[in-house]
Structure formats: structure tokens, C-alpha cells
Amino acid sequence: MQNKVSFLGPNGTFTHEAASTISENLISYCSIQSVMESVVNGECDKGVVPIENSIEGSVTLTLDLLVHKFNLMIENEIIIPINHNLLVNDGVRIEDISDVYSHSQALAQCQPFLEKLNVKKHFTLSTAAAAKKVEGHKNYAAIGTLTSGKLYNLKPLVSNVQDNDTNQTRFIILSKKDHIPTGHDKTSIVFSLYDDASSGALYKVLKIFSNKNINLSKIESRPSKEGLGSYIFFIDLEGHRNDKSISEILSEVKEKTSFFKILGSYPIY
Ligand SMILES: O=C(O)C(=O)C[C@]1(C(=O)O)C=C[C@@H](O)C=C1
């Protein structure tokens, strides 16, 4: 029996599409948090959630839950192209639409199109949840996948309504352990500085990587939630945490930071 894999559902989400590339034994959950819980409590072996989009940036809920709530490891990543459709019930014309439903990331990725449409926008937990909600309502439309349109009896009135044709989202596969070294890996870490206000504090940490010629492929900060001006830094670096050189660097970073967590080492997609 294949590993059970949870994903942000219901069926027909982009996360469903991403998860389908790794397993046929998929179980849908209605929120990012419940996907993570399903792996922590052993209901599923792995869980797939979105983490970053090329137009809108990070899925901040995923980042925050990984730092503050769950001790899960990133075991792999998947990147897929994202093409959004304006989905409506049979016979609905564009001028009939008063309200559009979708996931906040999806609405944000289609902002110029939605502005022209001049409609009320509503958030749902996923794009497929939006399609489900819109089914049977003549004045509502959803933004989502062609698959969710088919599942919930909606037709694509306009296709490719995202801001640009190179829209992509990166998904992570979460597990209780990360990936063994492959020779072409990256490592995701998070840390906080002892004193955000002192000059050069971040530079001193980043210097550890540059001194050893380690390339960083991502750096981002989020509020630590402990007060204004206090941050958590997310870094993706090239290499596996089990490589001797990387493990030495990570020990040094841990020593120089007030909070440090490894989110996992996994193959670069
Ligand atoms: O709602 C979905 O279909 C999802 O899979 C979520 C999600 C996201 O959170 O980024 C995934 C891909 C797209 O970027 C839009 C929405």
C-alpha cells in the first residue's frame, strides 16, 4: 500500500494537482493546519501544502505554522504552473456576476482582471471550496482550476485570468523526517537574532554563509509575533544538513541566534 498523503482540498485544488504528481493514495483536508495535523497525529505519512507563489510571494500561514505550531520536516518540494479560470454556472454572462469567491492567494494573483470586473471579492479556504460554494448561484463566480469546474458543474467563462503566464506555485511535502542527501539539495532554516536593533546583527549571521561560499536561494522575514521590530528570518541555502560543511555552518548559526530551527533538507526541484 502506498503512503497516505494529505493535501489542502477539497478535490480540485491546485494542491490536489501537485499532490497527484507524487501519489494516488490522497486524502483531502479543508485547511493547511488540518493537513499538518494529519501528519503529526499519524493519520497520513505525508502532507502537501502551498508555500510560495511567483506573483504573490509566501503563503504566510504555512510559514507561521511551521515555525510556531508544528515540528514537521520538509521532505521535498513540487513546483507547478498556475492558470486560473473564472468559473460560472451554465448560462451565466459576465455582466450577471456580482460576487467572486476564491482563496486569498488566487484572488491576489488575478487582481488586475478582478478590478476591471468590478465585483465583490470573498475569501474561501481554497479555490475548490470556492467552486463548491458558487455551484447553483447565478450571480456568483469562482476563481479556480478547470478540474474544480468539472467537479462542481461550472464552466470556464474566461481562462488564464492570472496576472501573467509564468505564474507558478511551490508546494512542500511535509513528513516526520526530511530527505536523505542526493547531492543536489537545499536546506530550509529559520532563526531570530538576539538583538534586532543592533547594527549589523543580520549581516554577522549572513557572513557565516558567504565566508564558506554557501549560496542562499531565499531570504525572508516575518514578524516574530512578540512585538513590533522583532523578526524571524527564513533562509533556504544550497546543500544538505548532513554534509559536514553545512552541519558546521548550521551549528555556528545556532550559536549566534536566539531561536533556531531546521525545517528540512530536500532535493532542489
Ligand atoms: O486553493 C487552492 O487551490 C490551493 O491549492 C491553494 C493555493 C495557495 O495557497 O497558494 C495554491 C496555489 C495557488 O497559488 C492558489 C491557491
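## Points about the nonpolar core
In terms of nonpolar packing, the biggest core is built from 24 residues, with I32, M36, V49, I172, L174 and F234 touching the most fellow members. For this core, the secondary structure elements donating two or more residues are helix 2 (32-40), strand 3 (46-53), helix 3 (60-68), strand 11 (168-175), strand 14 (231-238) and strand 15 (259-267). Counting contributing residues, this core receives three or more from each of domain 1 (5-82 + 167-175) and domain 3 (185-267). Setting aside residues up to four positions removed in sequence, I32 forms contacts with L8, V49, P50, V59, L61, T62 and L65. In terms of nonpolar packing, the next biggest core, distinct from the first, is built from 16 residues, F191, I208, I214 and I249 among them.

## Regarding the domain arrangement of the protein
Along its sequence, the protein is organised into domain 1 (5-82 + 167-175), domain 2 (85-158) and domain 3 (185-267). Both faces considered, domain 1 and domain 3 share a buried interface measuring about 1,500 Å² in area, 54% of it formed by carbon and sulfur atoms. The largest per-residue losses of area from domain 1 upon contact with domain 3 belong to V67, M73 and I74, which jointly make up 34% of the total buried on that side. At the junction of domain 1 with domain 3, the criterion picks out five salt bridges. Where E52 meets K218, a salt bridge forms, and the shortest distance between an N and an O atom there is 3.9 Å. At the boundary of domain 1 with domain 3, the tally comes to ten residue pairs in polar contact (both at pLDDT 80 or more). When residues of the side of domain 1 that touches domain 3 are traced back to their parent elements, those giving at least two are helix 3 and strand 5 (73-81).

## Some details on the pairing of strand 14
Within strand 14, six of the eight residues are buried, which leaves the element mostly enclosed by the surrounding structure. Sheet analysis places strand 12 (residues 185-192) next to strand 14, joined by six bridges and oriented antiparallel. Within the sheet, the bridge partner assigned to I189 lies in strand 14 and is I235. Relative to strand 14, strand 13 (residues 216-223) runs antiparallel, the two being bridged by seven bridges. Across the sheet, residue R222 finds its bridge partner in strand 14, namely I232.

## Brief notes about the site of the ligand
As a matter of local geometry, the ligand sits amid 15 residues, with F14, T15, Q109, T127 and T169 nearest to it. Taking F14, its main chain carries an N or O atom lying 2.9 Å from an oxygen atom of the ligand. Within the side chain of H103, an N or O atom sits 3.4 Å from an oxygen atom of the ligand. Protein contact buries 100% of the 360 Å² of open area that the ligand shows by itself. When contributions to the shell around the ligand are tallied by element, the ones reaching two or more residues are helix 1 (14-20), strand 3, helix 4 (104-109) and strand 11. Per-class residue counts for the shell around the ligand are six nonpolar, nine polar and no charged. Domain assignment of the residues forming the shell around the ligand places at least three in each of domain 1 (5-82 + 167-175) and domain 2 (85-158).

Conventions we followed
Residues numbered from 1 in each chain as written. Predicted model: local features only at pLDDT ≥ 70, side-chain atom pairs only at ≥ 80, totals over all residues. Heavy atoms only, no water. Core = buried A, V, L, I, M, F, W, Y, C linked by side-chain atoms within 4.5 Å. Buried < 20%, exposed > 50% of the residue type's maximum accessible area, 1.4 Å probe, protein only. Helix = DSSP H or I, 4+ residues; strand = E, 2+ residues; numbered from the N terminus. Domains from an automatic or database assignment. Contact = heavy atoms within 4.5 Å. Buried area = accessible area lost by both parts, 1.4 Å probe. Salt bridge = Lys/Arg side-chain N within 4 Å of Asp/Glu carboxyl O. Polar contact = N/O pair within 3.5 Å; in protein donor to acceptor, adjacent residues only side chain to side chain. Pairing = 2+ DSSP bridges. Near = heavy atom within 4 Å. Areas by Shrake-Rupley, 256 points an atom, 1.4 Å probe, with all protein chains shown as cover. Nonpolar A, V, L, I, M, F, W, Y, C, P; charged D, E, K, R; others polar.

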